[in-house]
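# Commentary on secondary and tertiary structure
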Amino acid sequence: MTRERLGVLFLFFLWIGLPFLLQGRLSLSLFITAFIQVPMVVGLTLLGGRAGMISLGQAAFYGVGAYGTAILAVHGGWPPVLALGGGIFLTVAVAYLVGLPVLTLRGHDFVLATLALNFIFGVVWRQWLPVTGGSNGLAGIPSLSLGTWAIRGDVSYYYLTGLVALLALFFGYQLLHSGTGRALQTVMASETAAAAVGLRPSRYRLGVFLWAAFWAGLSGGLYAFYVGYVSPSPFSLEFSVQLLLMAVIGGLGSLPGAVVGVFLALFLRESLRTFLPQVVGGISSEYEAVAYGLLLALVVIFWPRGLWPARAAHPAAAGEVATHLPEDPLPAEGVILSVEGLRREFGGLVAVADVSFQVRRGEVVALLGPNGAGKTTLFHMISGLLPPTRGRVVFAGKEVTGLPPYLPAALGLGRTFQIPKLVPTLPPRDNVSVGLPYPWRGSFWQDALRWARRRRAREAVFLARHFLQRVGEKGEEKPLEALPFGRWRTTELARALAGRPRLLLLDEPASGLSPQEKEAFLKAMKDFSRRGGTILWVEHDVPLVMAGADRVLVMNGGRLVAQGTPEEVQKNPAVQEAYL
């Protein structure tokens, strides 16, 4: 048994025996409060540390869960368990309606939008007097019960809330160690790259946002039943800030850090309430705010990643794949890509001027041109990252002009970028596994609940290693940030291949590679072409192009100035003047 599992078992038995060890020495209410807050901080640490969304609205969702549960139990007469379920459902529904517009924002705009939720719902709690009781609150909430079995007393709530906290940590662990966890990190690192491998960033962002709201709603319902009374003050902006501080102090993205942050903050608060009156002759919330601020400053200065920083999730061990390894999909015979009069203007600047060409199945077509010729802009329009001013793009017989990039990717359009867009903290095989299609990628809720995911996780590791081997790589355990730049290039190419593309758009894939790595790259390209794949390839290394391309297109000043075989293009006077 590993040291980590022994530690988990020790903590589990300590949790079971703690009420008996503390009997008559320390109130269990502190632990109950901590267990109620742990699920919310777990949601926040996933939201901020794995999806890059810093939310100041968790207290609002906590309040929706508490008030929703209390209103259904008191005014609706619902049985307590159904009222709790109704409060959770209401929280998730509100989060969904709020999330649709809010999740279109990024950075500080998103933070400000979630901050505003506290003010909006605070007004609702205070002004909706007949239902919420206004500032006086809503009393008379019955005990949580299921049939004749009622939960009363601190010991019962200690075990109930502790069990909920354990479930939140368990399901959070499932997410972090799954395809969804790696997909969330890819979305955080680069939404562009995520969309290019067929991920829909908005879906993952909404999923983790609703996940965090679910746990906030459940915590709110448990709080309402435990206290038997709800009022607006516990669900204020100040509490949202405290929850975020707990997540940051423990370490964003770290599940143990979430627990450390909650207990440290609560014990600090209780210590201040005990000792400050002896020092200053009174107690004020301002002193608590100063203490929280000092603690946060110390953590940021000395432990910038938190007291228990997040570590890269260990992938499942590779296993034998029972089914045959799927072959790369073969597109229909003939033309796989048709670009018709594609044009892109940026104000008065014409970056791409009415470019038209076709690419046939199995071809390796190189795109040459000086810097600023419009090659990358053309790639962006083909792959959906940039809408054209006019013109059409037809891929595999379907028009994909202006579609979001995850849709062409789902049809079999893969690509790499001038500057590799990968997750530096993940090793190559985890980066590659993000590019695998469903079912190896899984869905958000399947990965959270681990429905038949263990076998698929082993297969995903096996497949990631397979595609790394196809580009001359091994499945490294080190994170990418510890590897040389050439490994980034080959990892990104392997990730693109993992999506079984029909057409690969390669944007300067050999830039920065050593001669040996360039040789491995050419071998991988020829292998992909031999399997029926098609390549459109931007490159500045002319000898490499002459060795690997079947046909060459040349752009200059946004226009297509020549096309033909490598030999024909080399002899073209316009190409020699503009580029060679």
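Now for a description of the structure that goes with this document. (Residues numbered from 1 in each chain as written. Predicted model: local features only at pLDDT ≥ 70, side-chain atom pairs only at ≥ 80, totals over all residues. Heavy atoms only, no water.)

## Brief notes about the overall build of the protein
Along the backbone of the protein there are 23 helices and 14 strands. Buried residues in the protein amount to 53% of all 580 residues. A separation of at least 24 residues holds for 75% of the contacts in the protein among residues at least 6 apart in sequence. In the form shown here, the protein has an accessible surface area of approximately 25,600 Å², with 62% of it arising from carbon and sulfur atoms. (Helix = DSSP H or I, 4+ residues; strand = E, 2+ residues; numbered from the N terminus. Buried < 20%, exposed > 50% of the residue type's maximum accessible area, 1.4 Å probe, protein only. Contact = heavy atoms within 4.5 Å. Areas by Shrake-Rupley, 256 points an atom, 1.4 Å probe, with all protein chains shown as cover.)

## Observations regarding the sheet that holds strand β11 (residues 503-507)
One open sheet holds the 6 strands; their spatial order is β10-β11-β12-β7-β13-β14, and the pairing between them is mixed. One side of each edge strand has no neighbouring strand; the edge strands of this open sheet are β10 (413-415) and β14 (559-564). Neighbour-to-neighbour, the strand axes of this sheet turn through a mean angle of 20°, independent of strand direction. Looking at chain direction, strand β7 (residues 364-368) and strand β12 (residues 534-538) are connected through 4 bridges and run parallel. Looking across to β12, one finds that A366 is bridged to W537. Contacts between helix α19 (residues 485-498) and the sheet are confined to β10 and β11, with β11 contributing the most and set at about 160° to the helix. Contacting β7, β11 and β12, helix α20 (residues 515-530) crosses the sheet at an angle of about 145° to β12. (Pairing = 2+ DSSP bridges. Axes fitted to C-alpha atoms, helices over the stretch in contact; angles between N-to-C directions.)

## Quick look at the pattern of salt bridges
Evaluation of the coordinates by the stated rule reveals 15 salt bridges. With a shortest N-O distance of 3.8 Å, E191 and R205 are connected by a salt bridge. Of this pair, E191 sits in helix α9 (residues 191-196) while R205 sits in helix α10 (residues 201-227); the two residues are 14 residues apart in sequence, bridging distant segments of the chain. Of the charged contacts, one joins R495 and E492 as a salt bridge, the two residues approaching to 3.8 Å between their closest N and O atoms. In this pair, R495 and E492 both sit in helix α19, 3 residues apart, roughly one turn of the helix. Per residue, the accessibility class of R495 equals that of E492, and both read buried. Overlapping salt bridges, with partners in common, bring together R343, E345, D354 and R390 in one network. (Salt bridge = Lys/Arg side-chain N within 4 Å of Asp/Glu carboxyl O.)

## Examining α19
Its 14 residues place the ends of α19 20 Å apart at the C-alpha level, agreeing with the 20 Å of an ideal helix rising 1.5 Å per residue. Within α19, 13 of the 14 residues are buried, which leaves the element mostly enclosed by the surrounding structure. Downstream of α19 by a residue or two, R500 has a phi angle that is positive, lying close to 55°. (Expected span 1.5 Å × (residues − 1).)

## Details of the sheet that holds strand β5 (residues 335-346)
Sheet architecture is open: 4 strands sit in the order β6-β5-β8-β9, paired in antiparallel fashion. Both edges of this open sheet fall to β6 (349-360) and β9 (398-399), since each of them pairs with a single strand only. With respect to the sheet, helix α14 (residues 375-383) is in contact with β5, β6 and β8 (390-395), its orientation differing from that of β5 by roughly 120°.

## Observations concerning the side chain of N431
Mapping N431 onto the fold places it in helix α16 (residues 428-433). A polar side-chain atom of N431 sits 2.9 Å from the main-chain amide nitrogen of V423. Once you skip the residues sitting within four places of it in the chain, N431 turns out to touch L422, V423, L426, L480, T491 and R495. (Polar contact = N/O pair within 3.5 Å; in protein donor to acceptor, adjacent residues only side chain to side chain.)

## Notes on the environment of F31
The topology assignment puts F31 in helix α2 (residues 29-49). Put simply, F31 and Y158 are 127 residues apart on the chain and 7.0 Å apart in space, counted from C-alpha to C-alpha.

## Considerations on the nonpolar core
F31, F61, Y158, V208, W211, V230 and F235 are the most contacted members of the largest nonpolar core, which has 97 residues in total. Take this core: its biggest share by element is 15 residues, from α10. In this structure, V471, L522, F528 and A562 belong to the second largest nonpolar core, which totals 35 residues. (Core = buried A, V, L, I, M, F, W, Y, C linked by side-chain atoms within 4.5 Å.)

## Section: the pairing of β7
By the criterion of burial, β7 is predominantly enclosed, with 5 of the 5 residues buried. On β7, burial covers both faces: V364, A366 and L368 on one face and V365 and L367 on the other are all buried. Across 4 bridges, the pairing between β7 and strand β13 (residues 551-556) is parallel. The residue bridging A366 from the neighbouring strand is V552, located in β13.

## Section: the environment of E539
Within the fold, E539 resides in the loop between β12 and α21 (542-548). Given a relative accessible area of 4%, E539 falls into the buried group. Along the primary structure E539 and L367 are separated by 172 residues, whereas in three dimensions their C-alpha atoms are 6.5 Å apart. At a separation of 3.2 Å, a polar atom in the side chain of E539 contacts the main-chain amide nitrogen of D541.

## Re the packing of aromatic side chains
Counted under the stated rule, the structure contains 28 aromatic pairs. Ring centres 5.7 Å apart and planes at 75° place the aromatic pair W15 and Y159 in the edge-to-face group. Taken together, the residues W15 in helix α1 (residues 3-21) and Y159 in helix α7 (residues 153-176) connect sequence positions 144 residues apart. Residue classification places Y159 among the partly exposed residues on the basis of a relative accessible area of 25%. Here the aromatic rings of F35 and F263 are separated by 6.1 Å at their centres, their planes lie at 75°, and the arrangement is edge-to-face. Of this pair, F35 sits in helix α2 while F263 sits in helix α12 (residues 255-280), and the two are 228 residues apart along the sequence. Here F263 falls in the buried class, since its relative accessible area comes to 18%. By the ring-pair criterion, three or more aromatic residues cluster together here, those being F12, F13, W15, F31, F35, Y158, Y159, F263 and F267. (Phe/Tyr/Trp six-rings, centres within 6.5 Å; stacked < 30°, edge-to-face > 60°.)

## Considerations on the packing of helix α3 (residues 58-74) against helix α5 (residues 107-127)
Contact geometry for α3 and α5: axes closest at 8 Å, N-to-C directions at 30°. Put simply, α3 runs roughly parallel to α5. Only L117, N118, F121 and W125 of α5 make contact with α3, whose side of the interface consists of A59, A60, F61, G63, V64 and Y67. Residue composition of the contact of α3 with α5, by class: 8 nonpolar, 2 polar and no charged. (Parallel < 35°, antiparallel > 145°, perpendicular 65-115°, else oblique. Nonpolar A, V, L, I, M, F, W, Y, C, P; charged D, E, K, R; others polar.)

## Points about α10
End to end, α10 covers 39 Å across 27 residues, agreeing with the expected 39 Å (1.5 Å per residue, within 8%). Most of α10 is tucked away, with 22 of its 27 residues classed as buried.

## Brief notes about the packing of helix α4 (residues 80-102) against α10
Taken N-terminus to C-terminus, the directions of α4 and α10 make an angle of 145°; their axes are 8 Å apart at the nearest point. Crossing geometry of α4 relative to α10 is assigned as right-handed. Within the contact between the two elements, α4 uses P80, A83, L84, I88, T91, V92, A95, Y96 and G99 and α10 uses L206, F209, L210, A213, F214, G217, L218, G221, L222 and F225. A per-class count over the contact of α4 with α10 returns 15 nonpolar, 4 polar and no charged. (Left-handed = near helix turned anticlockwise from the far one by under 90°.)

Purely spatial values, then, with no claim about function.
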